[in-house]
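Spelled out, the chains give:
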Amino acid sequence: MHRLFAVLLVLVAVTNGRLSVYHRHQKHLSLRSARHRISPLTGVRIALPTPEQLEWQAQEIGVLIHFNMATYVDDHDGCTGDMVPSISLFNPYKLSTNNWAQTMIDLGAKYAVLVAKHACGFLMAPTNVTFPLSPSGRIIPYNYTVDYSPVKGVNVLDNFVKSCNKQNIRHGFYYTVVNNDYLNVKQGLVQNTTLKKGQLNITQQTYDSIVLQQLRELWTNYGKLDEIWFDGGYTAELHDSVAALVNELQADSIIFGGYGVTRNPIRWIGNEFGHAPDPTWSTGLEGGGDPNSPIFIPAECDTTLQQFDRWFWGPHVLLRSLTELIDVYHRSVGHNCMLMIDLTPDRTGLIPSAYARRYKELGDFIRACYGTSVVPIYRNSSADGRIHFQVFDSPVTVDRSVVQEDQTLGQVIRAYSIDVQLADSSNKDQWKSVASGTSIGNKKIDLWQAGSQMITAARLNITETVDVSVLKAFTVHLCS
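This structure is a prediction, so every number in the text was calculated from the model and none was measured.

Engineer: In this structure, what is going on with the overall build of the chain? I would like to understand it.
Structural biologist: Helix and strand content of the chain: seven helices and 24 strands. In summary, the chain has a C-alpha radius of gyration of 24 Å against a globular reference of 23 Å for 480 residues, a match within 12%. Relative to its full complement of 480 residues, the chain shows a buried share of 58%. Within the chain, contacts between residues at least 6 apart in sequence are counted, and of these 72% link residues at least 24 apart. Accessible surface, the chain as shown: approximately 19,500 Å² in total, 52% of it carbon and sulfur. Of the charged side chains in the chain, 41 are positive and 44 negative, and the gap between their average positions amounts to 2 Å.

Structure (structure tokens):
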């Protein structure tokens, strides 16, 4: 699965042998509507976030639930267009979205996005959409849905939303516009090719109408969506209609691939390993971002629990180790990027036990390591907000630090350093440097290269800023 930004000029990219559509959006397109302010201190233009973007960043961990017809396809991680899988395959006879939600709680996820429709074209809820076949014009229902499967009568999306609401987990949906094997669509365009088994022939106008009708259903029937995913973007012809629909129905939702159609866009970090570069800024349109961009568009790091970039459940697929997942956490959340990890129900409709254990192991580590911090007996900050000092009532052993910036008025810190007073030092004016960096944003975690240190005080120095900075937190920790 390749995450590509929605913009205006349709292009085709080939990655690992797989085609993906994206749209290249010229940066000037939305600059006039970008929210920014001018720093009274430096005169620099500072991008401003929306309240919804800051709330979304504060969640830190979410899940992207890959459960759809592709779960039942052998040998491939998704549909390939060779044929449309038989609807009789979709039979999650033990389906429990409460089981999914419990795994989210164990992981520590605060939001969840469920695949409503993937490349196969299979829709996880009933739909009232009908459409004409080409060239006959005969009207038929969109019948490649859960309501025509062996579990007819089960609305998976509705069950998912109810389970999330019980656990106070925010919910959203993934819907791919650019691929639909059932309707012979690739790169957002109906193909002029010989139909494969199970495919139907329609016009481009009909397909665009189906997309907008189904989005209206998804964005109307399930309450406010925390996050909406456009994986692969959308065609230029659909841009204005999608933007109008967002504004009408889900104006407050965070939208992945939504730059140019929403005031709450987020960006893809540029890989599916869960690795954000250091630095990663909350501003800028691509990859690690750009501190000078006037557009606040924080990053999301999506990745899999299964090895080899496998998103849908597959038989005999190995899981990534806890050690690797801990590294993912530090290189995503710890680098100012939201971690969205794949949640993978199997063909029964449940999270496999081995998977559930691994999610919980990661959650347990995060809670044990960062759920509490060493509490100082004394804190102080300089009047200009550049030095933050904490003293402990007795020597403490720690090996890492966490810094969080208040971004209400934008991300303004450009560089920082952290030093400590060692407990065995006779010179109380002597400080040892343990970490330094540039971007902080929502959260920056520094694992000290010197390893664990017994200290009596810690100091955060803001060495470069484009305006007066405000901190949300500065803490030190010891983790096993």
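Engineer: Any chance you could explain the domain arrangement of the chain here in plain terms?
Structural biologist: Many descriptions give the size of an interface as the accessible area lost when the pieces come together. Domain boundaries assigned for the chain yield domain 1 (33-371) and domain 2 (378-477). With centres defined by C-alpha atoms, the gap from domain 1 to domain 2 works out at 36 Å. Across the contact, 31 residues belong to domain 1 and 25 residues belong to domain 2. Summing both partners gives a buried area of about 2,100 Å² for domain 1 against domain 2, and 53% of it is carried by carbon and sulfur. By the criterion of area lost to domain 2, the three top residues of domain 1 are Arg37, Trp281 and Tyr370, representing 23% of everything that side buries.

Engineer: Sorry, what's going on with the sheet that holds strand 6 (residues 111-117) here?
Structural biologist: In a beta sheet, neighbouring strands pair by backbone hydrogen bonds and run either parallel or antiparallel. Pairing in this closed barrel of eight strands is parallel, and the strands run 5-6-9-12-13-14-15-16 around the ring. Pairwise comparison of adjacent strand axes, ignoring direction, gives a mean angle of 25° for this sheet. By the bridge criterion, two bridges tie strand 13 (residues 254-256) to strand 14 (residues 265-268) in an arrangement that is parallel. Residue pairing across strands places isoleucine 255 opposite proline 265, the latter belonging to strand 14. Packed onto the sheet, helix 2 (residues 97-107) meets strand 5 (61-65), strand 6 and strand 16 (337-343) and runs at close to 150° relative to strand 5.

Engineer: Hey, could you run me through the state of the cysteines in this one?
Structural biologist: Here a disulfide denotes one covalent bond, and it connects the sulfur atoms of two cysteines. Counted by the stated rule, this structure contains three disulfides. Bridging cysteine 369 to cysteine 479, the disulfide has an S-S length of 1.6 Å. Between cysteine 369 and cysteine 479 the sulfur-sulfur dihedral comes to about 80°; the bridge is accordingly right-handed. Of this pair, cysteine 369 sits in helix 7 (residues 353-370) while cysteine 479 sits in the segment after strand 24 (471-477); the two residues are 110 residues apart in sequence, bridging distant segments of the chain.

Engineer: What's the story with the pattern of salt bridges in this structure? I'm lost.
Structural biologist: Proximity of charged atoms lets side chains of opposite charge pair with each other. For the structure shown, the criterion picks out 19 salt bridges. Note that arginine 216 is salt-bridged to glutamate 248, the shortest N-O span being 2.9 Å. Of the two residues, arginine 216 is situated in helix 4 (residues 204-221) and glutamate 248 in helix 5 (residues 239-249); the sequence distance between them amounts to 32 residues. With relative accessibility at 36%, the residue arginine 216 sits in the partly exposed group. Among the ionic pairs, aspartate 278 bridges to lysine 444, the shortest N-O distance being 3.3 Å. Separated by 166 residues along the polypeptide, aspartate 278 in the loop between strand 14 and strand 15 (299-303) and lysine 444 in strand 22 (residues 444-447) bring together distant segments of the chain. One continuous salt-bridge network, built from bridges that share partners, spans Glu52, Asp252 and Arg263.

Engineer: Sorry, what's going on with the side chain of asparagine 180 here?
Structural biologist: Mapped onto the elements of the fold, asparagine 180 is located in the loop between strand 9 (170-175) and strand 10 (185-186). Residues contacting asparagine 180, with those up to four places away along its chain left out, are Lys117, Ala119, Cys120, Gly121, Tyr142, Val185 and Tyr207.

Engineer: For this particular structure, what's the right way to read the sheet that holds strand 23 (residues 453-465)?
Structural biologist: One open sheet holds the five strands; their spatial order is 17-18-23-20-21, and the pairing between them is antiparallel. Both outer strands of the open sheet, strand 17 (378-381) and strand 21 (432-437), are each paired with one neighbouring strand and no more. Taken pair by pair, the neighbouring strands of this sheet meet at an average axis angle of 20°, ignoring direction. The pairing of strand 18 (residues 387-398) with strand 23 spans eight bridges and is antiparallel. Bridging across to strand 23, isoleucine 387 finds its partner in asparagine 461.

Engineer: Explain unusual backbone geometry to me, please; I cannot follow it from the model alone.
Structural biologist: One can expect most non-glycine residues to show negative phi and most peptide bonds to be in trans. Put simply, serine 134 and proline 135 share a cis peptide bond, and its omega is 10°. Counting through the fold element by element, proline 135 comes out in the loop between strand 7 (130-132) and strand 8 (139-141). In this structure, the amide linkage connecting aspartate 278 to the following residue, proline 279, adopts the cis form with an omega of 15°. Positive phi, close to 50°, is recorded for glutamine 187, a residue that is not glycine. Classification of glutamine 187 as buried rests on a relative accessible area of 16%.

Engineer: Would you explain helix 5 in this entry?
Structural biologist: For the α-helix, the turn length of 3.6 residues means that residues three or four positions removed from each other point alike. Taken residue by residue, helix 5 has His239, Val242, Ala243, Leu245 and Val246 as its buried positions. Taken end-on, helix 5 shows its buried residues confined to a sector of 160°, consistent with a single buried face. Every exposed residue of helix 5 that faces more than 90 degrees away from the buried side is listed here: Asp240 and Asn247.

Engineer: Before we go on, may I ask you to explain the pairing of strand 15 in this structure?
Structural biologist: Consecutive side chains along a regular strand alternate between the two faces of the sheet. Counting buried positions along strand 15 yields five of five residues, so the element is predominantly enclosed. Burial of strand 15 is two-sided: the residues Ala299, Cys301 and Thr303 facing one way and the residues Glu300 and Asp302 facing the other way are all buried. As judged from the two bridges shared by strand 14 and strand 15, these two strands associate in the parallel manner. Note on strand 15: the bridge partner recorded for tryptophan 268 is glutamate 300. Two elements, strand 15 and strand 16, share five bridges in a ladder whose sense is parallel. Residue aspartate 302 lies in a different strand from strand 16, and its bridge partner there is methionine 340.

What counts and how
Residues numbered from 1 in each chain as written. Predicted model: local features only at pLDDT ≥ 70, side-chain atom pairs only at ≥ 80, totals over all residues. Heavy atoms only, no water. Helix = DSSP H or I, 4+ residues; strand = E, 2+ residues; numbered from the N terminus. Rg over C-alpha atoms; globule rule 2.2 N^0.38 Å. Buried < 20%, exposed > 50% of the residue type's maximum accessible area, 1.4 Å probe, protein only. Contact = heavy atoms within 4.5 Å. Areas by Shrake-Rupley, 256 points an atom, 1.4 Å probe, with all protein chains shown as cover. Lys, Arg positive; Asp, Glu negative; His and termini not counted. Charge placed at Lys NZ, Arg CZ, Asp CG, Glu CD. Domains from an automatic or database assignment. Buried area = accessible area lost by both parts, 1.4 Å probe. Pairing = 2+ DSSP bridges. Axes fitted to C-alpha atoms, helices over the stretch in contact; angles between N-to-C directions. Disulfide = S-S within 2.5 Å. Salt bridge = Lys/Arg side-chain N within 4 Å of Asp/Glu carboxyl O. Arc of directions from axis to C-beta.

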